[in-house]
Structures are given as C-alpha cells and as structure tokens.
There are 2 protein chains.
Amino acid sequence: MSFSFSKKYVSAFLTDEEIFAYREQIRAAHRALHEKTGAGSDYTGWIDLPVNYDKAEFARIKDAAKRIQAHSDLLIVIGIGGSYLGARAVIEAVKSQNYNALCKDTPAIYFSGNSISGTALRELVSLCEGKDFSVNVISKSGTTTEPAIAFRVFRKMLIEKYGKEGAAARIFVTTDKQKGTLKHLADTEGYETFVVPDNVGGRYSVLTAVGLLPIAAAGIDIDDPAENACYRYVAIRNALYRKGKKTELFACYEPNFTMMNEWLKQLFGESEGKDGKGLFPTSAIFSTDLHSLGQYIQQGERILFETVIHLRAPQLDYEIQAEEDNVDGLNFLAGKPLSFVSEKAFQGTVLAHYDGGVPNVILTLDRLDEANLGYLIYFFEKACAVSGYVLGVNPFDQPGVESYKRNMFALLGKPGYEKEKEALEHRLSM
Amino acid sequence: MSFSFSKKYVSAFLTDEEIFAYREQIRAAHRALHEKTGAGSDYTGWIDLPVNYDKAEFARIKDAAKRIQAHSDLLIVIGIGGSYLGARAVIEAVKSQNYNALCKDTPAIYFSGNSISGTALRELVSLCEGKDFSVNVISKSGTTTEPAIAFRVFRKMLIEKYGKEGAAARIFVTTDKQKGTLKHLADTEGYETFVVPDNVGGRYSVLTAVGLLPIAAAGIDIDDPAENACYRYVAIRNALYRKGKKTELFACYEPNFTMMNEWLKQLFGESEGKDGKGLFPTSAIFSTDLHSLGQYIQQGERILFETVIHLRAPQLDYEIQAEEDNVDGLNFLAGKPLSFVSEKAFQGTVLAHYDGGVPNVILTLDRLDEANLGYLIYFFEKACAVSGYVLGVNPFDQPGVESYKRNMFALLGKPGYEKEKEALEHRLSM
C-alpha cells in the first residue's frame, strides 16, 4: 500500500507561506483531537479504531456475515445517513456499482430506509418475493423515521415468511449497546445485536459494526490505515477557502467511487457546514462528468477547487485491440489498456483545469482494495476533524439536522408537537 | 397534467421589484430565442420538438424498440454526456433506479462508453455472457473517445456471437444524418440509423432519437409543454445569482429522480458555466441527503438556493400499518401512506431551510409519468436557454470541454499532436 499527496497544481493559487500560516493552528487542532480537549471530544472514538476495537464483536460480525451468505439471496440493509452511506460506498468501490447484477456466491445487497419514497419501498418488497432474505437494521435510537418505517415493513415480511423464530435468525440489529427501542426489541425477540459506539458519530462510523457487517456480507475482507500528508491537505483546503474557493469538488476517474463521493459529502458537509461557514462539498466522476460539469469547471465562476482521488491501477483492465478498417481512428491506441487512456485523461484534465483557474489537490493511491480504501477513509476522517477545528467549528455535531425533523414531526401530528403544528400550518397556508 | 410554480419561499430574499427588474431582459431573450437572432441560434431546433418532428423516424424508433424487446435480454446503450444522461434519467424516473432488477418483459438496459474505466467495461462484458444483447451507439461524429472504445468492444462481441449479418440486426446507430465515421460505417454495414439533428446540441437532445430509442426500448410511452412560470423562474434564479447565491441545488424527494438531477446539472452547467460566470449546479435527493448535506444547507455558508421539484403523487405508495406493541412509536402514522409522510417532510424542510437563509423555488408537478416528465424537460430547457441569454452567455456552446480533450489526445500520442505532447510532458515532469 502506498499513498501520496501532491500540491503541485495548487501552486499558482497559494504561496508556501500561505499554506505554512496554518501550521500552528493545525498543531493545536491535532493536540485538541488526540488529547480530547476540543469541541465534541466525546465523539472521537473513531481515532483509535484501526488498532483498538472489540475483537469479540469483530469475530461475531464475520460469523454473522457467513450465516447471511449461507441462507440469503438478498440482504436488506436498513439505515440512513452514516448508517447507510459508508457501507454502500465501500461495497461499490471495492466490488462494483453493479454488485447486485454481478454477485454470485454472496447475497445481493439492497439499501432501504434511506428515503420516504413509497415507490422505492414497494420495489424492494417486490424484489424480495420468492427469495430468501435477511435484514440488517442500523439505528442508534431505533426511532429515526425513515429506517423505522422500513424496518416495520421488512420485519413483518420476515415473520410472515419464516415465523417468529425463523425471522429472529434473519434479523441483525446494529444499535446502542444498552438503551433505546431497537435494543429493547432485539433483546426481547432474541435478535443478534452489534454496537453503534457512544463515542463515534454516524458519519465516522463506517469502520465500526455499522459499516462492517454489510461490508463483510458482501464478501469483502475486513481484516486490516500519514499524518503529514493529511495535515498539508488541511492547510491547503482551509487556505483556499479563505481565498474565496468555497466549493470543494471531489473527483475520481472510477465509476465505482460514486458512493464514496457521497460518503465524503456527508463527512465534510455535516462536519464543517455550520455557523455560516464551511466548504460546500460536491463531487464528480470523470471522464463521465467532464461531459456535463466539465464546461463549468473549465470556464465558470472561479469558486471551485478540486480534490482528485487518483488511482495508480484499476481493479480490472481492458486492452484496446487493433482493427483492420480503423473506422473510428483509434488504432493509435491499439495494445494499450484503458488504464493508460484514463491516466492520460487525468493528466490532461489536471493541466486544463489548473490553467483554467481551478486549484487541484491530488491524492494518489494504488488501487481501490480493502487496505487502500480503509486508509483513505481514515485519512479523510482525520483531515475533516482537524479542518473543523482550524475552521473554528465543532466537527462532531450536526445541530442543523434537527430543524426539518422538528417541523416534519409537528406537521405529521406527532403527539407533543400540537402547538408547533398549528403555527407551521398557518405559515404554509398564508 | 398540471404544473405549478411557487416563489413564496424566495420572498425574504428578493423583492418583487428585484424580480421584475429582469422583465425586459427576459422579453428580449425570448425574442432572440424564438426569432433565432441570439448567440448559438443554429442550435435551437429543440424548441419546436414537441410539435415538429420527423414522424417517419419516430415510427422507426418504436419499431426498433419492439425488435430489441423481442430478441434481447440486454440493451447496451453507448454514449456520453447528452448522449447518455437524458435517456438514463428518463428511464430511471419513469420506471425505476432498480429497472434492471425489476424489468420482466423489456430488456435490461446498461449504459457504456460514459467513462474510461476498464473495470466498468469488463463488468458489462461479463454481464453479456450467455445473454442475447443489442447495442444502441449514440455519437454525432463517431470519434468521441469513450463511446468509440466501447463500441469497438461490443461490436466485435456481437459479430463473434451472431456473425456479421446477425450483428447488423442488433446494432442501432444514432448519429449525424449524412457525415462522420459512424454514419459511414452504418451505411457500409447495413446498420439501422437514427438522426442526431444538426440544430440540437447534446444536452438538449433527449426528446430526439438520441433519448427516445433507449427510452422506448425500456417500454416507456413516447407519444405525447407555461411560459409564464418558466420566465418567472428565470428572473428569480438570475436575481439570486447577482445577490451572491452562486450555487443552485436541485432537490427532489423521489430517489428515482437521481439521474434527472444529473441531467439538470449538465443542462445548466454546460449552458451557463462560461466566461467566469454561471450558477454552479448541484443536486440532492431528500430525505436521503437531509442526513448528509442537510446540515450544510441548514447552517453552512449562505451561498445556496434550492430549486425543489415537488411531486403531488408518487408512482407507488405504501400504507403504514398499526403494530400492537408500537415499539418504534410510529403508530401515530398508522393508516397513512408514505406519500403523506414525504409531503410533510417536504413542507417541514422548505420552512426550515427558508428560516435558515436558503431561498426555495418550488416547481410542483403531478407525478413522474411520461407526460409530466416531458413537460418538465422542456420547461428546464427553455428556462436554461433564456437564462443564458439574460446572463449574457451563449447557452448552446461548450468551448471549455475541448481543453482537457486536446491535452489528453496529445498525451495519448495521437498523430498530429506531437508538439503539444512534448510541452505537456515537460510540464508534468517538472
């Protein structure tokens, strides 16, 4: 495994002095993070996860994954936000976006409870018909609306199909270690439980049972994370932000990275987007999106910088073959693998965007395998936490997420919200 | 079919005077567009598409779709940018994101040639093994790198499997009406061809053969556009842009709208993002992304406004059932469909984000069926063209897309780029 970081294509936009100016702030943030003296320090348990985790639970996760593989055609993973994105991102990056069409010895994995769409729910229900399936429900409290609704539906289906006891062997609950409605239900019904740790927030939880059970069920090896590069990245992104580059575009040339981009958007957006501050996180898959967002990146408002996740080698490759007639004029590429073409597209694009006024930070890793991806996840988690401290926000809370929920509960008529309901309905009717 | 537009949740950010200030500019833009006197007027053929199109070709499209349905388990659609996003967006919105897992009487549809990933290409090749498949290759010139590579691969596979003549019955070419390598090849080999019109650019082409053949192959009815609302939307988005809201976030509560969001990002990003100007287009699916980007939207930098595509009714719905034990506390929702919960989430979120300082433009349509989606596509195309004129850019060109391509061709060693190659390689090695 190797990892490298390049700030070469930032140089026209930031001097070394402007980057070094953040050194003391970053050192202080590093200390606050590791000595647990900063804002939100109760939620920094993820720092030690690569070396310090519950070995017994880890063995149970691998064992449960084997049972799911043995008795299920489908695994329905129920969760939202941090209880959804990490697992899906890793499975698609390491396996494939087309995992469900390609999987042979491992169950198809569908994610539910991450929207309020009756269409999406009915479709998943129909996909379970005539199939053997299991459920992994992931929720700290058990009361988050979206997953709670989905769990009602699939739990009932399991009980009707397999009986109470049969269903109990197919329901895997990842929740609080001792309290909450889901923990209570699991203990009463005999469902196997895994722990959402108290000291790890949702968006930092992919390397806990939250992410690891679905990942292991997909047949991914979960056994196996350069501070220096991480902190240079932090200095650069903060310096660019202060210079008006308020949007960070995460870009990768591998379509299977699509959901990792979504994971990055949650990690950074929820950690930094508060107190009227923060880089707006957005993403692209190249070369696909060079044919859609490429024009804007090249010549639009100069409010962007890119963080490119560059892979040295692909998971699979394809050699371009010579053709006698050469009607498409591609014979100059004959004998070359697609990874060669992609590498040149990457180099050409970095230069073009840099020339167009878009700073490019480049993170290079060998490939999207388990070890490299685990490292990358930890790199970004650490960079995000330290960045938050440098920005002067608490990178571990998300107070703004409650605003829409409070309104929604009131409008839904949830008991206890009667007064708010009236006020909101009055506003809506004006 | 009905469609409505609300600027109620923009009112705290813009006065009526600020909106009306754009009236004359919009009138002039409207005239320039319809009288074909504005920049890029050679590419405004899409304006008349809802009423004025080639009826004979339209019948051939429906006939080809029937043949594909009859003899193919899979249809591989090869194209990138506007030759990819529109068809995929419509199929997922009208049918499903899980169309390939759910389809029964119609072929699975996979999109290829939209990246340079050997992994993605190999996966698709393996999905064709043992299956009957057809190819619809979509490229005006036939020389765009990504689709040209993919077409080489799948054409060869078809010839090896079905012979030259058998392959000819399974290759459908959407290209220039008379010139180019792909048109030449199709005529030589006897492939059926459909036309990419000269006067319609890629991102405006979904209602031409470019989008319609794959859409019809998926079993979607293609037989079947309120200027006033459109132009009010234009006025508001331009006024917000001038007040520093430089990012437009398209949001919808239906997961099947995900690729329509991608289509919108290309349409607006490529049309407006030039000359250092333009709203940066980004997107979200709610409630999913309220659990990832929601925090940033609620409390981050106040550089955003939202354009919410609000659906009155879902395609499918699911009624929440009462449960005796009510462990999850959801019984107050018993008897209510998910669409009710989603509607309250929408209302609660609009109010929360508006209170948080994010203007919300709301476009309401009945449902995601063929007629409504067709209308919505045309609404956005028109809004985009007029917006571009108001912004003072040519909404029909995309000069910036060539920058990375030139670099890439040089670095790949394409004949004729020798000098650039040397210069670029020198820069990369510094």
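Criteria and thresholds
- Residues numbered from 1 in each chain as written.
- Chains lettered and ligands numbered in written order.
- Predicted model: local features only at pLDDT ≥ 70, side-chain atom pairs only at ≥ 80, totals over all residues.
- Heavy atoms only, no water.
- Pairing = 2+ DSSP bridges.
- Helix = DSSP H or I, 4+ residues; strand = E, 2+ residues; numbered from the N terminus.
- Axes fitted to C-alpha atoms, helices over the stretch in contact; angles between N-to-C directions.
- Contact = heavy atoms within 4.5 Å.
- Parallel < 35°, antiparallel > 145°, perpendicular 65-115°, else oblique.
- Left-handed = near helix turned anticlockwise from the far one by under 90°.
- Nonpolar A, V, L, I, M, F, W, Y, C, P; charged D, E, K, R; others polar.
- Disulfide = S-S within 2.5 Å.
- Buried < 20%, exposed > 50% of the residue type's maximum accessible area, 1.4 Å probe, protein only.
- Right-handed = clockwise from strand over helix to strand, strands pointing away.
- Core = buried A, V, L, I, M, F, W, Y, C linked by side-chain atoms within 4.5 Å.
- Domains from an automatic or database assignment.
- Buried area = accessible area lost by both parts, 1.4 Å probe.
- Salt bridge = Lys/Arg side-chain N within 4 Å of Asp/Glu carboxyl O.
- Polar contact = N/O pair within 3.5 Å; in protein donor to acceptor, adjacent residues only side chain to side chain.
- Expected span 1.5 Å × (residues − 1).
- Arc of directions from axis to C-beta.

A. Spotlight on the sheet that holds strand S7 (residues 247-252) of chain A. Residues and elements named next belong to chain A. Taken together, the five strands give an open sheet; going across it, the order is S1-S10-S9-S7-S8, and neighbouring strands pair in mixed fashion. At either margin of the open sheet sits one strand with a lone partner, and together these are strand S1 (3-6) and strand S8 (280-285). Between one strand and the next, the sheet's axes are offset by a mean angle of 20 degrees, whatever the strand orientation. Both strand S9 (residues 304-311) and strand S10 (residues 360-365) contribute to a ladder of six bridges, which runs parallel. Within the sheet, the bridge partner assigned to Leu 311 lies in S10 and is Leu 365. Its contacts with the sheet place helix H14 (residues 370-391) against S1, S7, S9 and S10, and it is angled at close to 145 degrees to S10.

B. Structural view of the packing of helix H13 (residues 338-355) of chain A against helix H15 (residues 401-412) of chain B. For the pair H13(A) and H15(B), interaxial distance at closest approach is 8 Å and the crossing angle is 135 degrees. With respect to H15(B), the axis of H13(A) lies oblique. Between H13(A) and H15(B) lies a crossing whose hand is right-handed. Only Ser403(B), Tyr404(B), Asn407(B), Met408(B), Leu411(B) and Leu412(B) of H15(B) make contact with H13(A), whose side of the interface consists of Phe340(A), Val341(A), Lys344(A), Ala345(A), Gln347(A), Gly348(A), Thr349(A), Leu351(A) and Ala352(A). Taken together, the residues of the contact of H13(A) with H15(B) sort by class into nine nonpolar, five polar and one charged.

C. Spatial organisation of the state of the cysteines. On inspection of all chains with the given rule, the structure shows zero disulfides over all chains. The closest cysteine sulfur to the non-disulfide-bonded Cys128(A) is located on Cys103(A), 13 Å from its own sulfur. A relative accessible area of 2% places Cys128(A) in the buried class. The structure places no disulfide on Cys230(B), whose sulfur is separated from the nearest cysteine sulfur, that of Cys384(B), by 9.9 Å.

D. Inspection of the pairing of strand S8 (residues 280-285) of chain B at higher detail. Residue and element names in this part refer to chain B. For S8, the buried fraction is high: six of the six residues fall into the buried class. Relative to S8, strand S7 (residues 247-252) runs parallel, the two sharing six bridges. In the strand pairing of S8, Glu 248 is matched with Pro 281. Taking the sense of rotation as the criterion, the β-α-β connection linking S7, helix H11 (residues 258-272) and S8 turns out right-handed.

E. Just the nonpolar core, in detail. Counting 319 residues, the largest nonpolar core has Phe154(A), Phe380(A), Phe154(B) and Phe380(B) as its most contacted members. Apart from residues no more than four positions distant in its own chain, Phe154(B) is found in contact with Ile76(B), Ile78(B), Ser112(B), Leu121(B), Leu124(B), Val125(B), Cys128(B), Phe133(B) and Val135(B).

F. Structural context of the domain arrangement of chain A. Residue and element names in this part refer to chain A. Taken domain by domain, chain A holds domain 1 (3-37 + 225-391) and domain 2 (51-217). Interface area lost by domain 1 to domain 2 is led by Asn 256, Met 259 and Gln 266, which between them contribute 35%. For the interface between domain 1 and domain 2, the tally reads one salt bridge. A salt bridge links Glu 270 to Arg 203; the shortest N-O distance between them is 3.0 Å. Connecting domain 1 to domain 2 are nine residue pairs in polar contact (both at pLDDT 80 or more). Listing elements by their share of the side of domain 1 that touches domain 2, those giving two or more residues are helix H11 (258-272) and H14. Broken down by element, the residue count for the side of domain 1 that touches domain 2 peaks at nine residues, all from H11. Across the side of domain 1 that touches domain 2, the residue classes break down as ten nonpolar, five polar and six charged.

G. Representation of helix H3 (residues 55-71) of chain B in the model. Residue and element names in this part refer to chain B. If you check H3, its first and last C-alpha atoms are 25 Å apart, about what 17 residues at 1.5 Å a residue would give, namely 24 Å. Of all the positions in H3, only Glu 57, Phe 58, Ile 61, Ala 64, Ala 65 and Ile 68 are classed as buried. With its buried residues spanning 120 degrees around the axis, H3 presents them on a single face. Opposite the buried face of H3, by more than 90 degrees, sit the exposed residues Ala 56, Lys 66 and Ala 70. The inward-facing, buried residues of H3 contact strand S2 (74-78), strand S4 (133-138), strand S5 (171-175), strand S6 (192-195) and helix H9 (209-217). Of the residues that open H3, the one with a side-chain oxygen 3.0 Å from the backbone nitrogen of Ala 56 is Asp 54.

H. Quick peek at the sheet that holds strand S10 (residues 360-365) of chain B. All names here are of chain B. Reading across from one edge, S1-S10-S9-S7-S8 is the order of the five strands in this open sheet, with mixed pairing throughout. Edge positions in the open sheet fall to strand S1 (3-6) and S8, since each of these has one partner strand only. The average undirected angle you get between the axes of adjacent strands in this sheet is 20 degrees. Against the sheet, H11 contacts S7, S8 and strand S9 (304-311), and its axis sits at roughly 175 degrees relative to S8. Sitting on the sheet, helix H14 (residues 370-391) is in contact with S1, S7, S9 and S10, with an inclination near 145 degrees to S10.

I. Spatial organisation of the interface of chain B and chain A. At the junction of the two partners, chain B supplies 124 residues and chain A supplies 124 residues. A combined buried area of about 10700 Å² lies between chain B and chain A, and 62% of that area is made up of carbon and sulfur atoms. If you sort the residues of chain B by the area they bury against chain A, Arg152(B), Phe280(B) and His291(B) come out on top, with a joint share of 8%. One can count ten salt bridges joining chain B with chain A.

J. A look at the environment of Leu290(A). Turning to its location among the elements, Leu290(A) is positioned in the loop between S8 and helix H12 (294-299). Its relative accessible area of 1% is what places Leu290(A) among the buried residues. Here the alpha-carbon distance between Leu290(A) and Thr349(A), two residues 59 residues apart in the chain, equals 8.8 Å. Excluding residues within four positions of it along the chain, Leu290(A) makes contact with Gln295(A), Thr349(A), His353(A), Val401(B) and Tyr404(B).

K. Fine view of the side chain of Glu92(A). Residue and element names in this part refer to chain A. By secondary structure assignment, the location of Glu 92 is in helix H4 (residues 85-94). Here Glu 92 falls in the buried class, since its relative accessible area comes to 9%. There is a polar contact of 2.9 Å between the side chain of Glu 92 and the side chain of Arg 88. When sequence neighbours within four positions are dropped, the list of residues in contact with Glu 92 reads Gln 97, Asn 256 and Met 259.

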